[in-house]
Amino acid sequence: MKSIKVRKYYIFAPSNCCSGGPEALHQLAYYMCNVGCDAYIVYYCSIGFLYSSTISRYQQYNSRVIEYSKIEDNVDNICIAPENAPWCLNGIYNAKKIIMWLGVGANQVHYPNIKQKIIYLKRRMLSQSLVNARFILYDDSKCIHLCGSKYAFEYVSKKYPNSRVRYLVEPISKDFYNLGNNYDIKQRRKDIVLYNPSKPSERMSQLLERAKYEYIPLKGYTPIELAEKYKEAKLYIDLGRFDGPERMPKEAVYFGCNILVANHNAAANDFDVAIPNDYKIDDMESVEQIEARFAEMLCHYEQHYPKFGSFRKKIENLEETYLQQIKEIFIDGELS
């Protein structure tokens, strides 16, 4: 009897790195395995590939880690790399290639010029490493792009019109789903404003300098501590760039915060940050006008809370939706 080959999926992720992008890559491997895919994590760093253990933050995803040298580069298998490290695919010659777009601001999918192509061919003939080639060297028309946001989907569809582009929108952290968002809307919340210090902006700096409200930066907390912050605050704000839908606004809404975001990039559409436009701050609004918004939303938290209900429901269902997208793409769809 002829043996049936099991397709293997290799997902490239940065080692020893804790942020939204790396977590999304670990989530992809985890949920793919949950639906029966044979998925592995391959770690890379600034100087190439390495074999290392998964950091404690992501051990909940039960990642199966494999060395780069153990990748089976054949036509049955698939390799997936983030948009900020497409070079991971340069040494893959036979397996299908996928770019996972976690955002657009760090895009490194750049085509090589003639000189770079010659360098690449020379290295390949001499069996030398290609890890320093930070441009893609394969036919993009044969590449598949998976997008974690509508903003990325529209950007990629326009930039790479010959490629296949699909949605694959990851859920929030498994930690938060495990904790659940069963809280009492009547519970006493504080007049505090949460924000993400890793996403600076000029207006945020001005607001902090004016210090009219109590601002709490969300940095250095464990998932449990972070959830508690969300549960005790009335308002979360994000005035920085939105290269993707961002995790913290979703987390904040999931745990009952009302939110205000800057009305640009991914936050400008009604899919990635699916809240009413009244809660999106235009670029021309002054810090005084923004502070007036804060006053209204802090004073009337319960009246604003229902306006975020549909977005909250969407976040609650993201895990189920993500699993369905994985099945459609990798099991039932064009890659089956």
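Residues numbered from 1 in each chain as written. Predicted model: local features only at pLDDT ≥ 70, side-chain atom pairs only at ≥ 80, totals over all residues. Heavy atoms only, no water.

Peer 1: Is there a simple way to think about the sheet that holds strand E4 (residues 78–82) in this case?
Peer 2: Sheet strands associate in pairs through backbone hydrogen bonding, adopting either a parallel or an antiparallel arrangement. Taken in spatial order, the 7 strands make up an open sheet running E3-E2-E1-E4-E5-E6-E7, and their pairing is mixed. Of all the strands in the sheet, the pair left with one neighbour each is strand E3 (48–49) and strand E7 (164–167). As paired elements, strand E6 (residues 144–147) and E7 share 4 bridges and run parallel to each other. By the bridge assignment, Cys147 is partnered in E7 with Tyr167. Its contacts with the sheet place helix H1 (residues 20–34) against strand E1 (8–14), strand E2 (38–45), E4 and strand E5 (96–101), and it is angled at close to 160° to E1. Contacting E5, E6 and E7, helix H3 (residues 150–159) crosses the sheet at an angle of about 175° to E7. (Pairing = 2+ DSSP bridges. Helix = DSSP H or I, 4+ residues; strand = E, 2+ residues; numbered from the N terminus. Contact = heavy atoms within 4.5 Å. Axes fitted to C-alpha atoms, helices over the stretch in contact; angles between N-to-C directions.)

Peer 1: Explain the sheet that holds strand E12 (residues 280–281) to me, please; I cannot follow it from the model alone.
Peer 2: Read from one edge to the other, the open sheet built from 5 strands follows the order E9-E8-E10-E11-E12, with strand pairing classed as parallel. Strands at the two margins of the open sheet, each flanked by one partner only, are strand E9 (214–217) and E12. Inspection of the sheet shows strand E8 (residues 190–195) paired to strand E10 (residues 233–238) by 4 bridges, in the parallel sense. In the sheet register, Tyr195 faces E10, and the bridge partner there is Ile237.

Peer 1: Can you help me understand the pairing of E6 in this one?
Peer 2: When a strand is regular, its side chains alternate between the sheet's two faces. Neither face of E6 is left uncovered, since the one carrying Ile144 and Leu146 and the one carrying His145 and Cys147 both have all their residues buried. Bridging between E5 and E6 involves 4 bridges; their strand directions are parallel. Following the sheet pairing, Trp101 is matched in E6 by Cys147. Running through H3, the crossover from E6 to the neighbouring parallel element E7 is right-handed. (Buried < 20%, exposed > 50% of the residue type's maximum accessible area, 1.4 Å probe, protein only. Right-handed = clockwise from strand over helix to strand, strands pointing away.)

Peer 1: What am I meant to see in helix H7 (residues 247–254) here?
Peer 2: Residues spaced three or four apart along an α-helix face the same direction, because each turn holds 3.6 residues. Of all 8 residues in H7, 8 are buried, a share of seventy percent or more. Every buried residue belonging to H7 is among Arg247, Met248, Pro249, Lys250, Glu251, Ala252, Val253 and Tyr254, and all of these are buried.

Peer 1: Can you walk me through the environment of Gly103 in this structure?
Peer 2: The residue Gly103 is located in the loop between E5 and helix H2 (114–125) in this model. Sequence separation between Gly103 and Asn84 is 19 residues; the distance between their C-alpha atoms is 8.8 Å. Residues within four places of Gly103 in sequence aside, it is in contact with Glu83 and Asp243.

Peer 1: What's the story with the nonpolar core in this structure? I'm lost.
Peer 2: Nonpolar side chains in soluble globular proteins generally cluster together in the buried interior. Core analysis: the largest hydrophobic core is formed by 48 residues, its most contacted members being Leu194, Tyr215, Tyr230, Ile237, Ile259 and Phe294. Here this core takes 5 residues from helix H8 (residues 287–299), the largest share from any one element. Those residues in contact with Tyr230, other than ones at most four positions away along the chain, are Arg189, Leu194, Leu218, Met248, Glu251, Ala252, Phe255 and Cys257. One finds Leu28, Cys37, Met100 and Leu168 within the second-largest nonpolar core, a separate group that totals 28 residues. (Core = buried A, V, L, I, M, F, W, Y, C linked by side-chain atoms within 4.5 Å.)

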